[in-house]
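Spelled out, the chains give:
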4 protein chains.
Amino acid sequence: MTRRMPELSILRQTWSPYSDPRSTHTVQVGKVRVGGARPIVIAGPCAVESLDQTLEIAHAIKRAGADLLRGGAFKPITSPHSFQGLGIKGLEILSEVRRITGLGIVTEVMDPRLVSEVAEVADILQIGSRSMQNFPLLTEVGRAGRPVLLKRAWSATLEEWLCAAEYIAVQGNRNIILCERGIRTSCHWEYSRNILDLNVIKPLRQATPLPVIVDPSHATGQAHLVPVMSQAALAAGAQGLLIEVIAKEASRVQARCDGEQGIFPEELEQIVALTHQGAPAASFNSAASLVGGLAK
Amino acid sequence: MTRRMPELSILRQTWSPYSDPRSTHTVQVGKVRVGGARPIVIAGPCAVESLDQTLEIAHAIKRAGADLLRGGAFKPITSPHSFQGLGIKGLEILSEVRRITGLGIVTEVMDPRLVSEVAEVADILQIGSRSMQNFPLLTEVGRAGRPVLLKRAWSATLEEWLCAAEYIAVQGNRNIILCERGIRTSCHWEYSRNILDLNVIKPLRQATPLPVIVDPSHATGQAHLVPVMSQAALAAGAQGLLIEVIAKEASRVQARCDGEQGIFPEELEQIVALTHQGAPAASFNSAASLVGGLAK
Amino acid sequence: MTRRMPELSILRQTWSPYSDPRSTHTVQVGKVRVGGARPIVIAGPCAVESLDQTLEIAHAIKRAGADLLRGGAFKPITSPHSFQGLGIKGLEILSEVRRITGLGIVTEVMDPRLVSEVAEVADILQIGSRSMQNFPLLTEVGRAGRPVLLKRAWSATLEEWLCAAEYIAVQGNRNIILCERGIRTSCHWEYSRNILDLNVIKPLRQATPLPVIVDPSHATGQAHLVPVMSQAALAAGAQGLLIEVIAKEASRVQARCDGEQGIFPEELEQIVALTHQGAPAASFNSAASLVGGLAK
Amino acid sequence: MTRRMPELSILRQTWSPYSDPRSTHTVQVGKVRVGGARPIVIAGPCAVESLDQTLEIAHAIKRAGADLLRGGAFKPITSPHSFQGLGIKGLEILSEVRRITGLGIVTEVMDPRLVSEVAEVADILQIGSRSMQNFPLLTEVGRAGRPVLLKRAWSATLEEWLCAAEYIAVQGNRNIILCERGIRTSCHWEYSRNILDLNVIKPLRQATPLPVIVDPSHATGQAHLVPVMSQAALAAGAQGLLIEVIAKEASRVQARCDGEQGIFPEELEQIVALTHQGAPAASFNSAASLVGGLAK
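As the structure is a computational prediction, the values presented were derived from the model and not from experiment.

A. Spatial organisation of the overall build of chain A. Of the regular secondary structure elements, chain A holds 11 helices and 10 strands. Rg of the C-alpha trace for chain A: 18 Å, near the compact-globule value of 19 Å for 296 residues, within the 12% margin. With respect to the three principal axes, the spread of C-alpha positions in chain A is 50 × 40 × 40 Å. Burial status across chain A gives 69% buried among its 296 residues. Summarising the internal contacts of chain A: among those between residues at least 6 apart in sequence, 68% fall at separations of at least 24. Counting every atom, chain A has about 9800 Å² of accessible surface; 50% of that belongs to carbon and sulfur. Distance between charge centres in chain A, computed from 30 positive and 28 negative side chains, equals 5 Å.

B. How the structure looks around the interface of chain D and chain A. Taken together, the 44 residues of chain D in the interface contact 44 residues of chain A. At the boundary of chain D with chain A, total buried surface from both sides reaches about 3500 Å², with 61% on carbon and sulfur atoms. For the chain D face of the interface with chain A, the top three residues by lost area are Glu190, Tyr191 and Asn199 of chain D, together amounting to 21%. If you look at where chain D meets chain A, you find 20 residue pairs in polar contact (both at pLDDT 80 or more). Looking at the side of chain D that touches chain A, the elements that each hand over two or more residues are helix H5 (158-169), helix H6 (201-207), helix H7 (216-220) and helix H8 (226-235) of chain D. When residues in the side of chain D that touches chain A are grouped by element, the largest group, 6 residues, is from H8 of chain D. Tallied by class, the residues present in the side of chain D that touches chain A amount to 25 nonpolar, 13 polar and 6 charged.

C. Expanded view of the relation of the copies chain D and chain A. Here chain D sits on chain A after a turn of 180° about the axis and a move of 0.0 Å along it, with an RMSD of 0.0 Å. Those values place the two copies in the arrangement expected of a two-fold rotation axis. Of every C-alpha in chain D, the one belonging to Ala232 of chain D sits nearest the axis of rotation, 2.3 Å from it. Both copies share a contact surface, since 100% of the interface residues of chain D are interface residues in chain A too.

D. A look at the pattern of salt bridges. Under the counting rule described, the total for this entry stands at 56 salt bridges over all chains. Arg22 of chain A serves as the salt-bridge partner of Asp20 of chain A, at 2.8 Å between the closest nitrogen and oxygen. Measuring nitrogen to oxygen at the nearest pair gives 2.4 Å for the salt bridge that ties Glu160 of chain A to Arg184 of chain B. In this pair, Glu160 of chain A is assigned in helix H5 (residues 158-169) and Arg184 of chain B in the loop between strand E8 (176-180) and helix H6 (201-207), connecting two distinct chains. Look at Glu160 of chain A and you get buried, because its relative accessible area is 7%. Given a relative accessible area of 7%, Arg184 of chain B falls into the buried group. In the salt-bridge network here, residues are joined through shared partners; they are Asp111 and Arg113 of chain A together with Glu140 of chain B.

E. Structural detail: the packing of aromatic side chains. Considering all chains together, one arrives at 8 aromatic pairs over all chains under this definition. Ring geometry for Trp15 of chain A versus Tyr18 of chain A: centroids 4.9 Å apart, planes at 75°, classification edge-to-face. The same class applies to Trp15 of chain A and to Tyr18 of chain A, which are both buried. Summarising the aromatic geometry, the rings of Phe135 of chain C and Tyr167 of chain C are spaced 4.3 Å apart at their centres and angled 20° between planes, so their arrangement reads as stacked. Here Phe135 of chain C, found in helix H4 (residues 135-142), pairs with Tyr167 of chain C, found in helix H5 (residues 158-169); they are 32 residues apart in sequence, far enough to count as distant. Accessibility expressed as a relative area gives 3% for Phe135 of chain C, which makes it buried.

F. Molecular detail of the packing of helix H8 (residues 226-235) of chain C against helix H10 (residues 265-274) of chain C. Residues and elements named next belong to chain C. H10 packs onto H8 with a crossing angle of 10° between their chain directions and a minimal axis gap of 10 Å. In terms of orientation, H8 and H10 fall into the roughly parallel class. Every residue of H10 that contacts H8 at Val226, Pro227, Ser230, Gln231 and Leu234 is listed here: Glu267, Ile271 and Leu274.

G. Structural detail: the side chain of Arg152 of chain A. Along the chain, Arg152 of chain A turns up in the loop between strand E7 (148-151) and H5. Given a relative accessible area of 1%, Arg152 of chain A falls into the buried group. Contact partners of Arg152 of chain A, with chain neighbours within four places excluded, come to Ser129, Met132, Trp161, Cys179, Glu180, Arg181, Ile183, Asp197 and Val200 of chain A together with Cys187 and Tyr191 of chain D.

H. Representation of unusual backbone geometry within the structure. Residue and element names in this part refer to chain A. Notably, Asp258 is not glycine yet its phi reads approximately 50°, a positive angle. Within the fold, Asp258 resides in the loop between helix H9 (249-254) and helix H10 (265-274). A residue is classified by how much of its surface remains accessible, and Asp258, at 22% relative accessible area, is partly exposed.

I. Local environment of H5 of chain D. Residue and element names in this part refer to chain D. Along its 12 residues, H5 runs 16 Å from first to last C-alpha, staying within 8% of the 16 Å computed at 1.5 Å per residue. When you tally the buried positions in H5, you get 12 out of 12 residues, the bulk of the element. Turning to H5, its buried residues number three or more, namely Leu158, Glu159, Glu160, Trp161, Leu162, Cys163, Ala164, Ala165, Glu166, Tyr167, Ile168 and Ala169. Structurally, H5 contributes buried residues whose contacts are with helix H4 (135-142), strand E7 (148-151), strand E8 (176-180) and H6.

J. Local environment of the state of the cysteines. Residue and element names in this part refer to chain A. Applying the stated criterion across every chain, the model contains 4 disulfides over all chains. Covalently, Cys46 is tied to Cys257 through a disulfide, its sulfur atoms 2.2 Å apart. Every disulfide takes its handedness from the sign of the S-S torsion; for Cys46 and Cys257 that torsion is -120°, giving left-handed. Here Cys257 lies in the loop between H9 and H10 and Cys46 lies in the loop between strand E3 (40-44) and helix H1 (51-63), a separation of 211 residues in the sequence. Residue Cys46 shares its accessibility class with Cys257, and that shared class is buried. Here Cys179 is not disulfide-linked; the sulfur of Cys46 is the nearest cysteine sulfur, at 14 Å.

K. Spotlight on the environment of Gly30 of chain D. You can see Gly30 of chain D is positioned in the loop between strand E1 (27-29) and strand E2 (32-34). Taking relative accessible area as the criterion, Gly30 of chain D reaches 64% and is therefore assigned exposed.

What counts and how
- Residues numbered from 1 in each chain as written.
- Chains lettered and ligands numbered in written order.
- Predicted model: local features only at pLDDT ≥ 70, side-chain atom pairs only at ≥ 80, totals over all residues.
- Heavy atoms only, no water.
- Helix = DSSP H or I, 4+ residues; strand = E, 2+ residues; numbered from the N terminus.
- Rg over C-alpha atoms; globule rule 2.2 N^0.38 Å.
- Buried < 20%, exposed > 50% of the residue type's maximum accessible area, 1.4 Å probe, protein only.
- Contact = heavy atoms within 4.5 Å.
- Areas by Shrake-Rupley, 256 points an atom, 1.4 Å probe, with all protein chains shown as cover.
- Lys, Arg positive; Asp, Glu negative; His and termini not counted.
- Charge placed at Lys NZ, Arg CZ, Asp CG, Glu CD.
- Buried area = accessible area lost by both parts, 1.4 Å probe.
- Polar contact = N/O pair within 3.5 Å; in protein donor to acceptor, adjacent residues only side chain to side chain.
- Nonpolar A, V, L, I, M, F, W, Y, C, P; charged D, E, K, R; others polar.
- Least-squares fit on C-alpha atoms with pLDDT ≥ 70 in both.
- Salt bridge = Lys/Arg side-chain N within 4 Å of Asp/Glu carboxyl O.
- Phe/Tyr/Trp six-rings, centres within 6.5 Å; stacked < 30°, edge-to-face > 60°.
- Axes fitted to C-alpha atoms, helices over the stretch in contact; angles between N-to-C directions.
- Parallel < 35°, antiparallel > 145°, perpendicular 65-115°, else oblique.
- Expected span 1.5 Å × (residues − 1).
- Disulfide = S-S within 2.5 Å.

Rendered as structure tokens:
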């Protein structure tokens, strides 16, 4: 039942400037360079809940050294009876927070009809796990002229993930950042929301020059595991982290979504410090480490 | 990490006419009654490829006794470089085939912007596995005034599936048919595309009065397993089947999608015959069999 | 990463009398023929707890029409602080119950040092899921001169399962019965202990002539799902069932293991009736249904 | 279906000297201290194939700085037609290699009847994944007076793994080292043999004071992923590594088992160097990092 990987334009083998496995197609977002020498940190609240809440966290993550602000205006939520985000009002808040702090904005879009509106505010358009194979949406964000952060679906194969990225690329947009955020298994429910798949980082970076980042917040679902798994992700070759932050302990209960996985700004600061320590020993920046074939 | 199931309007406990586990909320589609005494059969090609191909199969499944015609005009396909369906042209073909054969049409919609156009042709709007948590799409089909066939996502929990149905229901549309189509596991790749989860049928029917059908074609990915797994699905309490059909052996190679899982009209006829044999012995139509609690 | 299936002596392709996919290598156990025209039913308590308890259930399952008695003297239990079975004392009880009722005994052996002792009492030696790849044990039961019931491990591939059977066969014993008992997935915990994999039955019967049975008790973990999943298993081509029985409602709480999945003798009787209804429509006894290749 | 974790003697809550989550129950093996300040490295061939081969690798891993020698005399192999190890002859070779090199030996035992013979040679008795719930074997190694390295089964929950360790502990032996070696998922087959579950390391170390190590060789199945995943494992808090080594490129094809995952001695040397760099930043040696509850 094994099928051969289709010929995709985002693979090294067909994207000629990037046949060298040491090279990355960097994605420039204002002054931030995703895929460059230093791993980047995107941080912020799960959902934009108010201007005050978002601004407080934005200031805090900026002080902590994060590169970009994440925050959901449109939230994909399992039940229709739960908070779905502030929507357009949330976009206005993000726009205002960017104006005040100067931080670039990463925010999710779920509806192809809203791509242009979200793209006016977003510096990076995020495609969530549930939307990884929402092909009309991928096509629309491919046309929006903005970098795209594409999360892996819960049990997507490497081929399915790369093919999803290709839907964006065929619209002329290869400024795609791939984000591993944990997979579902049959044995992790006692201690973790998902299992962070770090085995995939190197094979993915060998297959494509697109930058690869990790979301340790959704991969664990618990604040106390975020710092240690951030450290592991960097050691495995992740080129960035996407992290949920809450302002203070009270926020854990007050937060309208996923309060239990947000970390505090001072913990974020320690994680940012890790990204300044230089490449890990088993680095991907030497030819020796990345050469070697993708499993066939 | 166990969370309590949210209070949904589609659960028996909150939908008062259906507190009796023997009862089903039947969905009427023309003269076809989904959830009635006889399990229904929906059959047809994977994709609408031409008027001739679709009409040939439609005539054949009608002769075989199938109740409704399935066929994809918009196909969710892993790679953007593969055939995606004929789109609007495919809808026109389906409309013409309905006019000629009188068969009701089941066809997928993937894009919220196309719901009204697809709803003009479709008697049942199909939501595919990849779209089960496409919330803007669920909302739009909830408003379209057409019955909806909602497939389970590859690794969706019962709660996630029912919450997806609730997104449709909160728009005022409870004419929802749930369709199990196989899940992914860690150990089936040698012999099957997915594993058909028949354990879920009874718990699902206990939790909600919505009719539950099974797609043995995607659950197996191989034509030779479709008849036997159809039989097993009916024995497990499925209230209908969704089956891919090809016209003749030559179509297996010629088909532009999933040729290896289509069965022939004569095999379909034998499966239809099973649905006329009356309820299986361990039937859900006795109080004794359905009473007993959903696993806690 | 796909490897080719090794050449095993238990495959149809190498076991010449059984190249015809309609044929089964029947396993004779006293007057009971496993793999014959009628599916067989093995029933009994989870664990042998006392002579009275075992004898009461044995009489009840005999009246209900079951073919063989199951009951554990040695129980593989997750925690060392839980009841592990009566051990040798349990064997003595089983021996006495066989003398009184005439029922053949199926009981588990976990320790290669105890195989000959268990084989003195057992008509069929059971290898549990946790022991499927206990190679010294498989070798020992292969030498014991008794039929073997080999359960599939929780996430075993078809190849791993067949190779485990081959460990028994290479000792000169091909009287092996394969038993599917549910696999672990990432999405079933709310409603079922495991997922019964019925997709595997036909590919398994195509690959090997060994009889294949199903354990719906462990595959569901809940008494109310056992009758309906027994029916589904027979419809999928299972050649027998292995079912846990409790004597009365009080036993559900009193039972020292797995009380919640035992069914009552009257429910068992209805299941036994199903096995007398003749082969299901999509039967394996016609060449057409079993011919067709194992997925490659 | 969630059950409460049983009260085990190896949990911090019941093992009074170790209620502080910063503490580890160290396991002393000659001069090597497992669970001490520096992570340890166990390395060697998959199987002992000859004195020359084992001695060559032993000298090489000693030069590279590894702490202990691993090597299989008894190999649990899927098919009975594949190489099963040299058995007793393999033990003799390991004994001779220890005499010559002074390296402590880690080797697997699969059969309870051979525990005392293996224990004469082994400094640490290894229990493989397939034997994690081989309860007679666990009981026997619990009595053997040797430290035990207990690998996690392919889809074992945390509770099942800890209960397996408890089977050893109840025999009076708490010198147990837990080893994560990759789990099976539904989506990794294209690029990795298993997925290394690093999410489990911290919850495991919070639950029990037993030292926790990682086997990146089996968790990836590919030599080129071993260095980077070793680095990630240390970053996640692993207290040691278990690594397969081959002497030279020719060995990859000649090796009688798992040649494709063995790394060269010079790569091992770089991995050993990582263990001398001191605790990672998000270290478990501060109270702040380990405090925080195990998921409930």
